[in-house]
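Structural features, examined
Here are the chains, one letter per residue:
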Amino acid sequence: STGTVTCSSCPANAESSAGSVLCYCSAGFTGNDGGPCDACFDCTSAVTFSATLLMSIAEFSTSARSAYVTGVAQALDVTSSTVAIASVEERLSRRRLLASTLAVATTVTVSKNKASAVANAATSEKLNAALASSGISVGAVSSSTTPDGEVGTGTAADSAEASFGGLGVAGLAGIVAGGAVLVLLVA
């Protein structure tokens, strides 16, 4: 239990994240928050995003990967079992010699009625808050999307960082100060 609230189990086919008092239907089930939750077909959604981690592939050990999954689950208010690392790609930094970052493609499988909230919660601020104790730092998060085409809001810094390959705000300011800029947004 946390504080003065006593923990209780969620109904069948429902779950809650650690510390939460609300239960929601598990992926593959539908119903009102708190239950009952009935099995359904085509009622799950995979929210996908890419997080830029400020570390090397060597630092992203098995324990760091586990901490990342746990932190993502905490930030997005889902259980760890719904979070999966789809791929990890190391990228060399353009700003510093021998520095690297990781692009971690992440998939979170949730019920369709929770997908939009999860996509909107996938921001670097929320991920950094949840990952702070693990020593993992998120530089940016690409726009999060669902198969239905819904796009999470993220932040302007996240979008700029992801769109311009990790240059960040300082790098973008340097480009703007150095000459003309052409920005093409595709919806």
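Structure: above.
Residues numbered from 1 in each chain as written. Predicted model: local features only at pLDDT ≥ 70, side-chain atom pairs only at ≥ 80, totals over all residues. Heavy atoms only, no water.

Points about the state of the cysteines
Considering all chains together, one arrives at three disulfides under this definition. At a sulfur-sulfur separation of 2.1 Å, the disulfide partner of Cys10 is Cys23. The chirality of the disulfide connecting Cys10 with Cys23 is left-handed, given an S-S dihedral of about -85°. On the criterion of sequence distance, the pair formed by Cys10 in the segment before β1 (14-15) and Cys23 in the loop between β1 and β2 (24-25) is long-range, its members being 13 residues apart. Take Cys10: its relative accessible area is 22%, and that puts it in the partly exposed class. Here Cys25 is linked by a disulfide to Cys37, with a sulfur-sulfur distance of 2.1 Å. (Disulfide = S-S within 2.5 Å. Helix = DSSP H or I, 4+ residues; strand = E, 2+ residues; numbered from the N terminus. Buried < 20%, exposed > 50% of the residue type's maximum accessible area, 1.4 Å probe, protein only.)

A word on the packing of aromatic side chains
Per the counting criterion, the structure on display carries one aromatic pair. Note on Phe60 and Tyr68: the rings are 6.1 Å apart at their centroids and 80° apart in plane angle, and the pair reads as edge-to-face. Neither Phe60 nor Tyr68 differs from the other in exposure class; each is buried. The ring of Tyr24 is capped by Lys114, whose NZ or CZ atom sits 4.2 Å from the centre of that ring. (Phe/Tyr/Trp six-rings, centres within 6.5 Å; stacked < 30°, edge-to-face > 60°. Lys NZ or Arg CZ within 6 Å of the ring centre and 35° of its normal.)

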